[in-house]
Amino acid sequence: MKKPNIVLFVAEDLDFEGVNCYDPAATGYSGLIQARNRYASEYFQPVRSMLTPTIDYLSGDGAQFTNYYCAAPVCTPSRYTIMTGRFPERSREFVEKNQGAPATIWFNTPVCPGETLLPKALKDAGYETAIFGKWHNYPSEAGQELRRLYYGFPEDSTWADPAAREAVAAGQKFACEYLTRPEFGWDVAERIYYDNPEPYLPTELSSHNIDWVAEGAVNYLRGRAQSDKPFFAYVAVSIPHSRYSGRRFAEANPLSSAGGLLEEPPRVMASREQIRARVRAAGLPDSACEGLWLDEAVKAVYQAACAAAPEEETLFIFTTDHPTGGKGSVHLGRIPLIFHWPGRISPMPPQNCLLSEADLAPTILELAGCPVPAEMAQDGKSFAGLLLGNASAGRDSILMELVNSRAVVARGFKYIANRLPDDGEKTRNDWQSVGWLAQNPTNKESVWWHLDDCFPCYFDGDELYDLEADPLEQHNLAGRPEYRSILSGLQEELRRQLAALPHPFGEFR
């Protein structure tokens, strides 16, 4: 059988409320409002329906998953798992630097040359591979060079400054060429954001431009129309990157890019004016512009892929790296995942089977008829059979890990263990760790993303939640005697899963 073309489209920080085909109250701030969380109810308004017709179509004509968990809810570790099918603490650089100590996982789990990667496995199986957009996984040495190039000029420089122009061009060249090293498996790397767009200098470049990323992918896909070789295109945009507010859309400079200031805006998507007009005509607030903006990028890439080859020859996957609600913790964690492959994946009702982000890479490889490397099978479990209608198995449990917290979901419950390493001193990453701020109340205002406001039991050492009765994780059951056997069972499950990973974790009481 001919191998399918594959497009993996990854959004940024996307909750269920960000696309129309999911229940907005199931995750994110809309759910927290419904759960009567004081912080969310005071500062946010419930999300009404989004205008995301392309994503809705892909979902309705394919497979939508509602119980798919990210591995670690911040950018770098979650994207490590997408590319490797492995848990973040297995990052080669992280293992080498950590030397078997307890793992404080943050933006410190890069993808390193020589690791087992999805693009490399596909390339070895005969695919041409291409990446466009955000790659937040450069190893330390490469990241230092990128920061030197992108910020090695005065902060008040403008695009008129020749030194700034030269440095930005060199930064983009380095970012792209580094990824096309043979060890990564990318044949093409273009229009790369090595970090989030907001800090880019000069400030004319410091805004999101997903149109620029989509245009690069569209141009590539159009060039594949006459090729007999299957392709894998990874398209990673940088929105919503927070709950929709409309601000990022309204303030985005259509001429900005990680490669410099463009001479004219990309034209592969609806214009900003057209998007705003459609949203207002639908009776939605301007905050919904960001949802339609995302959908227009998906539409442009999807249509280009279908123009390159018949629709039934293209496996199109839409997902995100992690959610906005619960970001920076192991609370919540469910994210959108949609597979669309006409003729091979039959339309099906929303699937509630338990899945992990570690399962995505091995599933893609199996659907492509490619062998799954043994390293991916350590943590990931393919669910290709479920998609193709010849198996129904999800997982019995999933693991999440971030900072000094670990979580396991199983049998309708979620257990969170917070264990700060007892090394007598605090590292830079520990300042945000669960438990640390409880000992330093004067720093309480520095809790990122207001996690302690969103989750009342955020600082508890052990947390247990009934996900059917309390899906937004507001009421900790760990101290209630009637739940002791459930707590013990999940502690044992977490202990078992952590035993297979390379770093120690704290004791369970």
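Just so we're clear, the structure is a prediction, and the values are computed from it rather than from any experiment.

Considering the overall build of the protein
Alright, step 1. A tally of helices and strands in the protein yields 17 helices and 13 strands.
Alright, step 2. Taking 23 Å as the expected radius of gyration for a compact globule of 509 residues, we find that the protein reaches 22 Å, a close match to that expectation.
Alright, step 3. The dimensions of the protein, computed from C-alpha atoms along their principal axes, are 65 × 60 × 50 Å.
Alright, step 4. The buried share of the protein, reckoned over its 509 residues, is 61%.
Alright, step 5. In the protein, 74% of the contacts between residues at least 6 apart in sequence involve partners at least 24 apart.
Alright, step 6. Surface summary for the protein: the accessible area is close to 19400 Å², and the carbon and sulfur share equals 49%.
Alright, step 7. Within the protein, the 67 negative side-chain charges are centred at a point lying 1 Å from the centre of the 48 positive side-chain charges.

Topic: the pairing of strand 7 (residues 314-320)
Alright, step 1. Counting buried residues along strand 7, seven of its seven residues qualify, which places the element largely inside the surrounding structure.
Alright, step 2. Of the two faces of strand 7, the one lined by T314, F316, F318 and T320 and the one lined by L315, I317 and T319 are each fully buried.
Alright, step 3. Relative to strand 7, strand 1 (residues 5-12) is paired through seven bridges, and the arrangement is parallel. Note on strand 7: the bridge partner recorded for L8 is I317.
Alright, step 4. Here strand 7 pairs with strand 8 (residues 337-340) via four bridges, running antiparallel.

A few points about the confidence of the model for the protein
Alright, step 1. For the protein, per-residue confidence averages 92 on the pLDDT scale, and 95% of positions sit at 70 or higher.
Alright, step 2. Across residues 435-442, confidence stays below pLDDT 50; counting only partners more than four residues off in sequence or on other chains, it has 14 contacts.

Digging into the sheet that holds strand 11 (residues 405-410)
Strand-to-strand pairing in sheets goes through backbone hydrogen bonds, with the strands running parallel or antiparallel.
Alright, step 1. Strand order in the open sheet made by the four strands is 10-11-12-13, with antiparallel pairing throughout. Two strands close off the open sheet at either side, each with one partner strand: strand 10 (397-402) and strand 13 (462-466). Recorded for the sheet is a direction-independent mean angle of 15° between the axes of neighbouring strands.
Alright, step 2. Inspection of the sheet shows strand 10 paired to strand 11 by six bridges, in the antiparallel sense. Each bridged residue has a counterpart across the sheet, and for I398 the counterpart in strand 11 is V409.

Some words on the packing of helix 11 (residues 272-281) against helix 12 (residues 289-308)
Alright, step 1. Close contact between helix 11 and helix 12 brings their axes to 9 Å; oriented N to C, the two are set at 125°. Classed by the angle they form, the pair helix 11 and helix 12 counts as oblique. Relative to helix 12, the crossing made by helix 11 is right-handed. Residues R272, I275, R276, R278 and V279 of helix 11 form the contact with helix 12, whose own contacting residues are C289, L292, W293 and E296.
Alright, step 2. Of the residues that constitute the contact of helix 11 with helix 12, the class distribution is five nonpolar, no polar and four charged.

Considerations on the pairing of strand 10
Alright, step 1. Most of strand 10 sits out of view: six of its six residues are buried.
Alright, step 2. Side-chain alternation along strand 10 places S397, L399 and E401 on one buried face and I398, M400 and L402 on a second face that is also buried.
Alright, step 3. Hairpin connection, strand 10 to strand 11: the antiparallel pair is bridged by two residues, and V403 has positive phi, about 45°.

Quick notes on the rules
- Residues numbered from 1 in each chain as written.
- Predicted model: local features only at pLDDT ≥ 70, side-chain atom pairs only at ≥ 80, totals over all residues.
- Heavy atoms only, no water.
- Helix = DSSP H or I, 4+ residues; strand = E, 2+ residues; numbered from the N terminus.
- Rg over C-alpha atoms; globule rule 2.2 N^0.38 Å.
- Buried < 20%, exposed > 50% of the residue type's maximum accessible area, 1.4 Å probe, protein only.
- Contact = heavy atoms within 4.5 Å.
- Areas by Shrake-Rupley, 256 points an atom, 1.4 Å probe, with all protein chains shown as cover.
- Lys, Arg positive; Asp, Glu negative; His and termini not counted.
- Charge placed at Lys NZ, Arg CZ, Asp CG, Glu CD.
- Pairing = 2+ DSSP bridges.
- pLDDT = per-residue confidence, 0-100.
- Axes fitted to C-alpha atoms, helices over the stretch in contact; angles between N-to-C directions.
- Parallel < 35°, antiparallel > 145°, perpendicular 65-115°, else oblique.
- Left-handed = near helix turned anticlockwise from the far one by under 90°.
- Nonpolar A, V, L, I, M, F, W, Y, C, P; charged D, E, K, R; others polar.

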